[in-house]
Each structure stands twice: as C-alpha cells, then as structure tokens.
Amino acid sequence: MKTVTVLGATGSVGRSTLDLVERAPEAFEVLALTANCDVERLAAAAIRTNARLAVVADESCLPALRDALAGTGIATAGGGDAVCEAAAMGADWTMAAIVGCAGLRPVMTAIRAGGAVALANKEALVSAGEVMTAAAAANGATLLPVDSEHNAIFQCLEPGNRDAVRRIILTASGGPFRDRDAAAMHAITPEQAVAHPNWSMGAKISVDSATMMNKGLELIEAHHLFAMPSDRLDVIVHRQSVVHSLVEYRDGSLLAQLGPSDMRVPIAHTLAWPERMATPMAPLDLVAIGRLDFEAPDPVRFPALRLARAALEAGGARPAILNAANEVAVAAFLDRRIGFLEIAAIVEDTLGRYDPGAPDSLDAVLNVDAEARRIAGGRVKIGV
C-alpha cells in the first residue's frame with residue numbers, strides 16, 4: 001500500500017484527493033490529514049479514511065477536534081508546528097494543498113522528508129522556487145505537479161528530450177470576464193469573480209483566474225518545475241478548458257494533453273505515478289465538444305500577466321513580493337475593501353516600493369513575504 005498524507009484536506013483539492021483515495025482503499029493508507037479550522041470536515045474525513053493523525057493549524061480548534069474524534073483511536077494535534085510534524089511523517093506521497101504562502105513551511109518539511117510531493121500549492125513554489133527545488137534535489141524528493149496545466153506539461157515532456165523543447169504553452173480559460181468591456185470591470189463583485197465558467201475552485205484561486213494572476217503565477221511555477229526561461233513560456237486563452245497545456249518541440253511537433261475540467265484527473269495522475277489509476281470521470285466526447293478555440297490574452301484588461309512575467313524575468317525576491325501582495329489584495333477584494341481593478345494596482349505598487357536581495361533560505365523568503373504583505377496592507381488601507 002502507498003502511504004498518503006494530505007495537507008489541506010478540507011479544501012477543494014484535498015476533498016478531490018480523498019475522493020480518489022476512498023475509491024481505492026486497498027491501494028492507500030492515510031497517515032495524516034490537516035486542515036486550518038474546519039473540524040467537522042476534517043474529523044469526518046479522518047474517520048472515513050482511518051487516518052492515523054488529524055491536525056488543525058488553528059490550535060484553538062483542537063479541543064473540538066479531540067471531542068469529534070474521541071474513541072476512534074485517531075491521534076489529534078493543533079498548531080503550525082503540528083502541521084509540519086504531520087508533513088514529516090514520511091508518507092510515500094504527500095498532497096500539498098494548503099492555499100497560499102501559509103503552505104510554505106509544511107511543503108518544505110515534506111520535501112525534506114523525501115518521497116513524492118504533489119504540488120497543488122503554486123504559491124509556495126512561486127515564492128521559494130530556488131530554495132524548494134534545491135531542497136528536493138538534496139533530499140531525493142520528487143515534485144509532481146497537480147495544477148492541470150503543469151500536470152499536462154509533465155505528461156507531454158519526453159524523458160531525456162527536454163533540450164528539444166522549443167516552447168511550453170499554458171492554456172487559460174480567460175476566466176469569467178474574458179469578454180467583459182474594460183470600462184465595466186470597475187463594478188465587478190466578489191460573487192461574480194468566484195463564478196468560474198469551467199472549474200469548481202476555492203475563492204482565492206477563482207479570483208486569481210478572473211484577474212489572470214493565476215496564469216502569471218503558473219508561468220513562474222513552470223519556470224521552476226521544468227527549468228524553462230521566460231522566453232520559452234507562453235500563455236494562450238482556450239475557452240473550453242479541454243486542452244490543458246501544450247509542449248512544442250523543435251521538429252515542429254506540438255503535443256497536447258486533453259481531459260475533463262475536473263481536478264481529480266491530474267490528482268489521479270500524480271497519486272498513481274508512475275502508474276495510472278481509474279477515475280470516475282467519463283471519457284471526453286470530442287464529437288460533442290465539436291470545436292477547440294484559441295486566442296491571445298489581452299494584456300491591457302489583464303495586467304497581472306505582465307506583472308508576473310516581469311517578476312519572473314527579474315528573479316530574486318520579485319516573485320515572492322508579487323505573490324504576497326496579490327494574496328493581500330485578493331483578500332481585501334473578497335472582503336469588499338477594494339475594487340476588482342485595484343488588485344493588480346496594489347501588486348504593481350508594492351513591487352515598485354520594495355526590492356530586497358534574492359532570498360537564499362526559507363526564513364529569508366518568509367521575511368520578504370512578511371514585509372511585502374505589510375506594504376500591500378498599507379496600500380489597501382489608504383488606497384493606491
């Protein structure tokens with residue numbers, strides 16, 4: 001049996017992961033499940049999967065978790081250190097699905113424990129790419145991409161033939177405002193921004209998709225995962241979200257991975273890797289789909305892509321600043337403290353105000369992250 005730990009078990013990716021694990025109980029043993037503070041969902045999942053350990057990051061929720069799991073034999077713990085201890089248990093396969101930079105320490109802990117780490121937390125790799133990839137190499141850990149785009153690239157890259165790659169092309173749905181007039185984007189509400197046309201996702205990533213910052217973060221992530229420079233990374237808008245990404249080779253071949261718009265497909269690929277496993281998804285009906293459309297993204301209406309590519313090309317601390325400022329701005333938008341168009345404006349303003357040296361350790365990355373959040377938070381309060 002493959003041992004499994006899920007960091008962020010109650011979020012959308014965590015729930016999809018457990019759906020697959022529970023469909024094949026003979027293949028997987030769950031070591032640990034973690035959540036921030038959703039005790040009800042965490043306890044239910046721990047009982048269903050007979051997990052050894054359940055952890056809440058918010059330590060104030062630990063008494064409720066203990067009560068919920070009393071008499072089950074499942075161990076409980078609370079606090080950030082406990083989440084890292086769960087990540088250090090040495091699972092064969094760890095799902096890293098804690099949203100945002102909050103997942104950075106647990107992800108690094110899992111990497112240092114070796115084994116396979118399935119990355120659904122793109123923000124950790126964006127903020128600490130060099131530090132994380134160096135740790136993976138030093139500890140013999142395998143980083144498996146879970147984002148549908150990066151997983152598609154992973155499947156299309158021919159082993160030992162990476163030097164023959166001309167371009168990596170990430171597809172983007174364009175989000176819910178791909179046809180919205182620029183003048184009308186001032187009035188966008190959080191409810192509209194989280195209503196993604198193709199995917200079921202959490203609020204933060206849905207807003208990132210609406211601004212196209214999500215695709216910008218994915219450019220940076222692809223750079224670290226596949227060792228590709230910015231000038232060999234492209235983005236195209238593909239409304240149907242059927243082609244998840246493409247790899248172009250120097251001989252003119254263009255390989256694409258197609259699949260349903262359901263995260264269980266890329267999760268299953270990493271969960272069973274290097275084998276394949278069944279999923280409950282129906283096969284694609286290409287005749288019913290009928291057509292696949294592609295177009296260039298609009299850099300005027302979606303400046304986040306420009307900001308992300310500039311951060312990637314500048315390197316150093318810029319990606320960490322970009323990510324931290326974006327997390328602050330998105331949270332403020334969801335709380336109705338700023339407007340939709342102010343998200344990118346606050347990110348750009350923060351990048352213009354803070355330019356430290358390149359971080360060379362996890363603590364240095366976290367220091368950059370904290371200062372960028374402080375600056376972005378100040379801009380939220382006074383307006384850009």
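Residues numbered from 1 in each chain as written. Predicted model: local features only at pLDDT ≥ 70, side-chain atom pairs only at ≥ 80, totals over all residues. Heavy atoms only, no water.

Help me understand the packing of aromatic side chains, please; the structure alone is not making it clear to me.
Ring pairs (aromatic) are described by centroid distance and by the angle formed between their planes. Within the structure shown, the criterion is met by three aromatic pairs. Ring geometry for Phe154 versus Trp273: centroids 6.2 Å apart, planes at 50°, classification tilted. Of this pair, Phe154 sits in helix α7 (residues 148-156) while Trp273 sits in the loop between α11 (264-272) and α12 (286-289), and the two are 119 residues apart along the sequence. Given the relative accessible area of 25%, Phe154 is considered partly exposed. (Phe/Tyr/Trp six-rings, centres within 6.5 Å; stacked < 30°, edge-to-face > 60°. Helix = DSSP H or I, 4+ residues; strand = E, 2+ residues; numbered from the N terminus. Buried < 20%, exposed > 50% of the residue type's maximum accessible area, 1.4 Å probe, protein only.)

Explain the sheet that holds strand β7 (residues 142-145) to me, please; I cannot follow it from the model alone.
What links the strands of a sheet is backbone hydrogen bonding, and the strands pair in either a parallel or an antiparallel sense. Overall, parallel pairing links the seven strands, which are arranged β4-β3-β2-β1-β5-β6-β7 in an open sheet. The sheet is open, and its two edges are formed by β4 (75-78) and β7, each paired on a single side. The sheet shows a mean angle of 20° between the axes of neighbouring strands, taken without regard to direction. The sheet contact formed by strand β2 (residues 28-35) and strand β3 (residues 53-56) spans four bridges and is parallel. (Pairing = 2+ DSSP bridges. Axes fitted to C-alpha atoms, helices over the stretch in contact; angles between N-to-C directions.)

Even after reading the chapter, I still don't get unusual backbone geometry, so can you show me in this structure?
With glycine set apart, most residues show a phi of negative sign, and most peptide bonds adopt trans. Looking along the chain, the bond that leaves Trp273 and enters Pro274 is cis, with omega of 10°. Among the secondary structure elements, Pro274 is positioned in the loop between α11 and α12. Positive phi is not limited to glycine here, since Asn50 has a value of about 55°. For Asn50, the position within the fold is in the loop between α2 (39-49) and β3. Relative accessible area serves as the criterion here: at 58%, Asn50 is assigned to the exposed category. Positive phi is not limited to glycine here, since Met212 has a value of about 70°.

Quick question: what am I supposed to make of helix α1 (residues 12-23) here?
Structural remark: α-helix, 3.6 residues per turn; residues separated by three or four positions point the same way. Relative to the 16 Å expected for twelve residues at 1.5 Å per residue, α1 spans 17 Å between its end C-alpha atoms, a close match to the ideal helical length. Within α1, the full set of buried residues consists of Val13, Gly14, Ser16, Thr17, Leu18, Leu20 and Val21. (Expected span 1.5 Å × (residues − 1).)

Teacher, can you tell me more about a nonpolar patch on the surface here?
There is a patch of nonpolar side chains on the surface, built from Leu258, Leu284, Leu286, Leu292 and Phe294 and spanning about 400 Å² of accessible area. Take Leu258: it is sitting in strand β11 (residues 254-258). (Patch = residues over 30% accessible without salt bridge, like charges linked within 9 Å, V, L, I, M, F, W, Y side chains within 5 Å. Areas by Shrake-Rupley, 256 points an atom, 1.4 Å probe, with all protein chains shown as cover. Salt bridge = Lys/Arg side-chain N within 4 Å of Asp/Glu carboxyl O.)

Got a minute to help me understand the sheet that holds strand β8 (residues 165-172) in this structure?
Pairing within the open sheet is mixed, and its four strands lie in the order β9-β8-β10-β11. In the strand order of this sheet, the two ends are held by β9 (233-237) and β11, each with one partner. Averaged over all pairs of adjacent strands, the angle between their axes in this sheet comes to 20°, without regard to strand direction. Bridge count between strand β10 (residues 243-249) and β11: five bridges; the pairing is antiparallel. Residue pairing for β11: Val243 is matched across the bridge by Leu258. Along the sheet, α7 makes contact with β8, β10 and β11, crossing β10 at roughly 40°. (Contact = heavy atoms within 4.5 Å.)

Can you help me understand the pattern of salt bridges in this one?
Applying the stated criterion across every chain, the model contains 26 salt bridges. Its salt-bridge partner being Arg336, residue Glu191 comes within 2.1 Å of it at the nearest N-O pair. Of this pair, Glu191 sits in helix α8 (residues 190-193) while Arg336 sits in the loop between α14 (318-334) and α15 (342-353), placing them 145 residues apart in sequence. For Glu191, a relative accessible area of 45% gives the class partly exposed. Residue Arg336 is classed as exposed on the basis of its relative accessible area of 53%. For the salt bridge of Glu295 with Arg239, the shortest nitrogen-to-oxygen distance reads 2.8 Å. Taken together, the positions of Glu295 in the loop between α12 and α13 (304-314) and Arg239 in the loop between β9 and β10 put the pair 56 residues apart, joining distant regions of the chain. A network of salt bridges, in which partner residues are shared, links Asp19, Arg23, Asp262 and Arg264.

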